[in-house]
Amino acid sequence: MYPKSSSTNQRQLSFDQFKKEVLDDYKTAVISRECSLLGRREVLTGKAKFGIFGGGKEVPQLAMAKAFKKGDFRSGYYRDQTFMMAIGELTPQQFFNGLYAHPDIEADPMSAGRQMGGHFATHSLDENGHFKNLTEQYNSSADISPTASQMPRMLGIAYASKLFRKIQDLKDPKFSNNGNEISWGTIGNASTSEGMFFETINAAGVLQVPMVISVWDDDYGISVPAKFQTTKENISEVLKGFQRDENGNGYEIFVVNGWDYAKLIDVYNKASKIAREEHVPVLIHVKELTQPQGHSTSGSHERYKSKERLVWEKQHDCISLMRDWIFEFELIDENNEILRFVDSEEELIRIEKDAKKLVNQARRDAWTSFTNPIKEQKNTLLKLLENLALKSENRAFILKLKNDLASIIDTSRKDIMSFARKAIVYVRNEKSIEKTQLQNWISRYFKEEQPKFSSHLYSQSDKRVAQIKEILPTYNENTELVDGRIIIKDNFDALFSEHKDVFIFGEDAGNIGDVNQGLVGLQEKYGKLRVSDTGIREATIIGQGIGMAMRGLRPIAEIQYLDYLLYGLQILSDDLATLHYRTAGKQKAPLIIRTRGHRLEGIWHSGSPMGAIVHLLRGINILVPRNMTKAAGFYNTLLACDEPALIVENLNGYRLKEKLPNNLGEFMTPIGVVETIKEGTEITVVSYGSTLKIIEDTVKDLNQVDINIEIIDVQSLLPFDRNHEVVKSIQKTNRLIIIDEDVPGGASAYLLNEILEKQNAYEFLDSKPVTLSAKSHRAAYGTDGDYFSKPNAEDIFESIYNIMHEVNPSKYKSLY
Ligand SMILES: Cc1ncc(C[n+]2csc(CCOP(=O)(O)OP(=O)(O)O)c2C)c(N)n1
Ligand SMILES: [Mg+2]
């Protein structure tokens, strides 16, 4: 590699430097392997719950690390511990801290114990939740477990480089150096069977972005061999049509064996140069890798691999072959002297011994750091229980608890809390200072420990949505009424001219300005990169946005209709919604997803699956504005904040008339705040989105039968009614009906839970609370399909009337 390679970089290295680098690499590989071996033992002896390691894939990761530069991003999966060690972002002790699930972000920088080991991340945010200078550090977007889910965001990370290079106004040195950054992906061979892999590969080819995707090919996906995974059992072979050539743009594709250290370094250098300089995506198919310990700690690969395969894997272990190469390497210099990496095997054995010692020490240190705080807590509790026992009639029981707790060898926080709370039950009828002390200790314990497991679902920075106060739209004296779409469009226009880092993209979003003309003319005005068309690929539209937002841009990803959000829902749920939580606040992606939905007609153009969305997307703000002014106000709010959000515009609202505000881009709809749009006395009607219009249309009819309703617009499903305004209304009306067009038990049940349980509204109800929603099936097509599928004006009238009939049957006579 050293003398044969044509790379100038390598020629410049003196042999001694080169030798040091090779031996350091070998040491890293051996340390990593030792971590895998000891890690498995920690699981089998019960100290850790589950282990999935990078054994058998060490050597190509050394090569990838060499080509990886500051500012670059990794988007990979659970095999990449060697890479993380090689770039200096994972120490052996941190590896074990993660394995034990140390709930402290300093100890386990990957996830503060929230993720299983093997899920890697670096810190993009400082202690205030603000972006650090990402060009001065190595970056790894936080891994997630669902196979191939690292693909969509990988595209966005790469796409950001393209934007940073092409758009002069974006030259923020914190985020990019002229778009030179590569998005480095890794994926297992079997996971390339997933749709998201192919969708991303195609999109990156279309967009021509600096993405280098390595396939770690060990011929298996757990127990299932390549034969059942990949056509021709060969992913680079079937992707050959993506190879760039004289017919057009595409990929550069490399195939290399995973044990060939020298060749790997060469390939990764070439790949890096192509991607970085030309912004061409590269696929590196790394073959002949192994799994020396099987897939994970949950099983043994002897069960499904043949004897021959197991022997082959031993012979092709990448570290063994690297070792042979180092041992055998010889070079004759100009003075005819023979240069070697090592003079005897002893030198390699010493490196291996040192590595073993180092990893063992790291394991011990990690265990001490994980268990020490718990030991202290345990001792405090034992003392409290002893004191309590002395004063209690149930002394024997409490002493037993104390002794049982004392006898647990590897105590967990769960043990501590569980014993403490059991003790409280024994003294429930007693009074003593010791009991109060234990009660106080328990509540302090929860206060301190619970956030370690539950913090950072949403932003805690000064840009969190809760910080935003409402700014009302203002109007000229003789304000004209315009189509709703004009308000959306003019507001986007104001936002685009104000914020140079805002981008909107989606199917038909560019050239024609979206299917409902809310972006008409904006591509012409702001260019094809700011307002752009994408292929039909919802999962990677979302991923494109996630990756861009992780690199400091403000993307608005458009999903054409709410019904098609389902294609992107998995990535929204698994990736975007968990990002801030799973990094304990160290990464964020304030992506805005724009879509339109509700009440059009037909099974796939009338969607309102808000319950499903609300439940799957905790961690994302879910906003359901009733008109375009409200929607525009939400966009304005979100661009002043750092949280992700989904905005569902009303599909039937683009042509409804609204007053055109004169402070476009500035007025702000607050998030988590309901609005009472009509005051009333008899019943509180809670609803959102398109349904509100129908409810408003029934007001006159209800008035005629002497029913005066109060209407509350939810506006924001997540978060819902932070100020608990709904219960105040119910205190006045004593009755509640929730109306939406989701399935029964969908978002209406969510709202009912919020109102009855969280706001304690049950105390003020004089009638049974009612939810009126659509039928369980999707909405049938046409006017009649809608009438018989979704709550209509008569359904609403009758549901409300029936509640009043129950209250006063003589005044409100039965209708049927
Ligand atoms: C969507 C999804 N399906 C199934 C799994 C369970 N699972 C975890 S790893 C794995 C096999 C992956 O094999 P491959 O991509 O070849 O990676 P390797 O583990 O061999 O490196 C499976 C099926 C998962 N994590 N996510
Ligand atoms: Mg595999």
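Residues numbered from 1 in each chain as written. Chains lettered and ligands numbered in written order. Predicted model: local features only at pLDDT ≥ 70, side-chain atom pairs only at ≥ 80, totals over all residues. Heavy atoms only, no water.

1. Concerning the overall build of the protein
Right, so step 1: The helix and strand tally for the protein stands at 26 helices and 24 strands.
Right, so step 2: Against the globule reference of 28 Å for 816 residues, the protein gives a C-alpha radius of gyration of 31 Å, in line with a compact fold.
Right, so step 3: Overall size of the protein, expressed as C-alpha extent along the three principal axes, is 110 × 85 × 45 Å.
Right, so step 4: A total of 816 residues make up the protein; the buried ones form 59% of that total.
Right, so step 5: With the model as given, the accessible surface of the protein reaches about 34100 Å², and the carbon-plus-sulfur share is 50%. (Helix = DSSP H or I, 4+ residues; strand = E, 2+ residues; numbered from the N terminus. Rg over C-alpha atoms; globule rule 2.2 N^0.38 Å. Buried < 20%, exposed > 50% of the residue type's maximum accessible area, 1.4 Å probe, protein only. Areas by Shrake-Rupley, 256 points an atom, 1.4 Å probe, with all protein chains shown as cover.)

2. Here's the deal with helix H13 (residues 395-407)
Right, so step 1: The end-to-end C-alpha distance of H13, which contains 13 residues, comes to 18 Å, matching closely the 18 Å that a straight helix rising 1.5 Å per residue would cover.
Right, so step 2: Of the residues making up H13, those classed as buried are Ile-398, Leu-401, Lys-402 and Leu-405. Along the axis of H13, the buried residues cluster in a sector spanning 95 degrees; they form a single face. Within H13, the exposed residues directed more than 90 degrees away from the buried face are Ala-396 and Ser-407.
Right, so step 3: Looking at the buried side of H13, the elements it contacts are helix H12 (345-391) and helix H14 (413-426). (Expected span 1.5 Å × (residues − 1). Arc of directions from axis to C-beta. Contact = heavy atoms within 4.5 Å.)

3. Considering the side chain of Ser-272
Right, so step 1: With respect to the element layout, Ser-272 can be found in helix H9 (residues 261-278).
Right, so step 2: With near-sequence residues (within four places) excluded, Ser-272 lies in contact with Ala-67, Ile-182, Trp-184 and Glu-277.

4. Considering the site of ligand 1
Right, so step 1: In the neighbourhood of ligand 1, 18 residues make up the surrounding shell, with Tyr-77, Tyr-78, Arg-79, Ser-191 and Tyr-220 lying closest.
Right, so step 2: At a separation of 2.7 Å, an oxygen atom of ligand 1 approaches a polar side-chain atom of Tyr-77.
Right, so step 3: Within the side chain of His-295, one N or O atom sits 3.4 Å away from an oxygen atom of ligand 1.
Right, so step 4: Partitioned by chemical class, the residues of the shell around ligand 1 number six nonpolar, eight polar and four charged. (Near = heavy atom within 4 Å. Polar contact = N/O pair within 3.5 Å; in protein donor to acceptor, adjacent residues only side chain to side chain. Nonpolar A, V, L, I, M, F, W, Y, C, P; charged D, E, K, R; others polar.)

5. Examining helix H3 (residues 58-67)
Right, so step 1: Among the ten residues that make up H3, nine are buried, leaving the element largely enclosed by the rest of the structure.
Right, so step 2: Restricting attention to buried positions, one finds in H3 the residues Glu-58, Val-59, Pro-60, Gln-61, Leu-62, Ala-63, Met-64, Ala-65 and Ala-67.

6. Digging into the sheet that holds strand S3 (residues 183-188)
By definition, the strands of a sheet pair up through backbone hydrogen bonds, in either a parallel or an antiparallel sense.
Right, so step 1: Spatial ordering of the open sheet is given by S2-S1-S3-S4-S8-S7, a layout of six strands whose pairing is parallel. Because the sheet does not close on itself, it has two edges, and the strands there are strand S2 (139-140) and strand S7 (252-257).
Right, so step 2: Strand contacts of helix H6 (residues 150-166): strand S1 (73-75), S3 and strand S4 (211-216), with the helix running at about 165 degrees to S3, the strand carrying the most contacts.
Right, so step 3: Sitting on the sheet, helix H7 (residues 195-207) is in contact with S3, S4 and strand S8 (282-287), with an inclination near 150 degrees to S4. (Pairing = 2+ DSSP bridges. Axes fitted to C-alpha atoms, helices over the stretch in contact; angles between N-to-C directions.)

7. Here we look at the coordination of the magnesium ion (ligand 2)
Under ideal tetrahedral coordination, the four donors around a metal are separated by 109.5 degrees; under ideal octahedral coordination, the six donors are separated by 90 or 180 degrees.
Right, so step 1: With distances of 2.0 to 2.1 Å, the protein atoms coordinating the magnesium ion (ligand 2) are Asn-189 (OD1), Asp-218 (OD) and Tyr-220 (O).
Right, so step 2: Between the donor residues of the magnesium ion (ligand 2), the gaps in sequence give the motif N-x28-D-x1-Y. With Asn-189 in the loop between S3 and H7 and Asp-218 in the loop between S4 and strand S5 (220-221), the pair connects residues that are 29 residues apart, well separated along the chain. Asp-218 carries the same exposure label as Asn-189, and that label is buried. (Donors = N, O, S within 2.8 Å, 3.2 Å for Na, K, Ca; no water.)

8. Concerning the packing of H12 against helix H15 (residues 433-454)
Right, so step 1: Running from N to C, H12 and H15 point in directions that differ by 155 degrees, and their axes come no closer than 9 Å. It follows from the interaxial angle that H12 and H15 lie roughly antiparallel. Seen along the crossing, H12 lies across H15 with a hand that is left-handed. Residues Gln-377, Thr-380, Leu-381, Leu-384, Leu-385, Asn-387, Leu-388 and Lys-391 of H12 touch H15, and the partners they reach there are Glu-434, Lys-435, Gln-437, Leu-438, Trp-441, Tyr-445 and Glu-449.
Right, so step 2: Looking at the contact of H12 with H15 residue by residue, the classes come out as seven nonpolar, four polar and four charged. (Parallel < 35°, antiparallel > 145°, perpendicular 65-115°, else oblique. Left-handed = near helix turned anticlockwise from the far one by under 90°.)

9. Some words on the packing of helix H2 (residues 15-44) against H12
Right, so step 1: Interhelical geometry of H2 versus H12 gives an angle of 45 degrees and a closest axis separation of 9 Å. As summarised for this structure, H2 and H12 are arranged oblique, according to the angle between their axes. Crossing angle aside, the handedness with which H2 passes H12 is right-handed. Listed contacts from H12 to Leu-23, Tyr-26, Lys-27, Val-30, Ile-31, Glu-34, Cys-35, Leu-38, Arg-41 and Glu-42 of H2 are Leu-348, Ile-351, Glu-352, Ala-355, Lys-356, Leu-358, Val-359, Asn-360 and Arg-363.
Right, so step 2: Residues that form the contact of H2 with H12 fall into these classes: eleven nonpolar, one polar and seven charged.

10. Concerning the sheet that holds strand S15 (residues 592-597)
Right, so step 1: Taken together, seven strands build an open sheet; the order of strands is S13-S12-S14-S15-S17-S16-S22 and the sheet is mixed. Lying at the two open borders of the sheet, with one neighbouring strand each, are strand S13 (531-533) and strand S22 (716-718). The mean angle between the axes of side-by-side strands here comes to 20 degrees, regardless of whether they run parallel or antiparallel.
Right, so step 2: Alignment of strand S14 (residues 554-559) against S15, held across four bridges, turns out to be parallel. Along S15, the bridge assignment pairs Ile-556 with Ile-592.

11. Considerations on the packing of aromatic side chains
Right, so step 1: Inspection of the entire model under this criterion finds 33 aromatic pairs.
Right, so step 2: Consider the rings of Phe-242 and Tyr-251, whose centres lie 5.8 Å apart with planes at 90 degrees: the pair is edge-to-face.
Right, so step 3: Within the aromatic cluster, the residues linked to one another by ring pairs are Phe-15, Phe-18, Tyr-261, Trp-325, Phe-329 and Phe-341.
Right, so step 4: The lysine or arginine in question, Lys-47, covers the ring of Trp-367, its NZ or CZ lying 5.2 Å from the ring centre.
Right, so step 5: The cationic tip of Lys-659 hangs over the ring face of Tyr-475; the distance from NZ or CZ to the ring centre is 4.3 Å. (Phe/Tyr/Trp six-rings, centres within 6.5 Å; stacked < 30°, edge-to-face > 60°. Lys NZ or Arg CZ within 6 Å of the ring centre and 35° of its normal.)

12. Overview of the pairing of S4
Right, so step 1: Of all six residues in S4, six are buried; the element is thus mostly enclosed.
Right, so step 2: The two faces of S4 match: Met-211, Ile-213 and Val-215 on one face and Val-212, Ser-214 and Trp-216 on the other face are all buried.
Right, so step 3: As paired elements, S3 and S4 share six bridges and run parallel to each other. Within the sheet, the bridge partner assigned to Ile-187 lies in S4 and is Val-215.
Right, so step 4: A crossover links S3 with its parallel partner S4, the connecting element being H7, and its sense is right-handed. (Right-handed = clockwise from strand over helix to strand, strands pointing away.)

13. Things to note about the state of the cysteines
Right, so step 1: Per the counting criterion, the structure on display carries zero disulfides.
Right, so step 2: Not engaged in a disulfide, the cysteine Cys-318 finds its nearest cysteine sulfur in Cys-35; these two sulfurs lie 15 Å apart. (Disulfide = S-S within 2.5 Å.)

14. With respect to the confidence of the model for the protein
Right, so step 1: Scored by pLDDT, the protein has a mean of 96; 98% of the residues are at 70 or more.
Right, so step 2: Under a pLDDT of 50 for its full length, residues 1-9 has, in the predicted model, 20 contacts with residues more than four places off or in other chains. (pLDDT = per-residue confidence, 0-100.)

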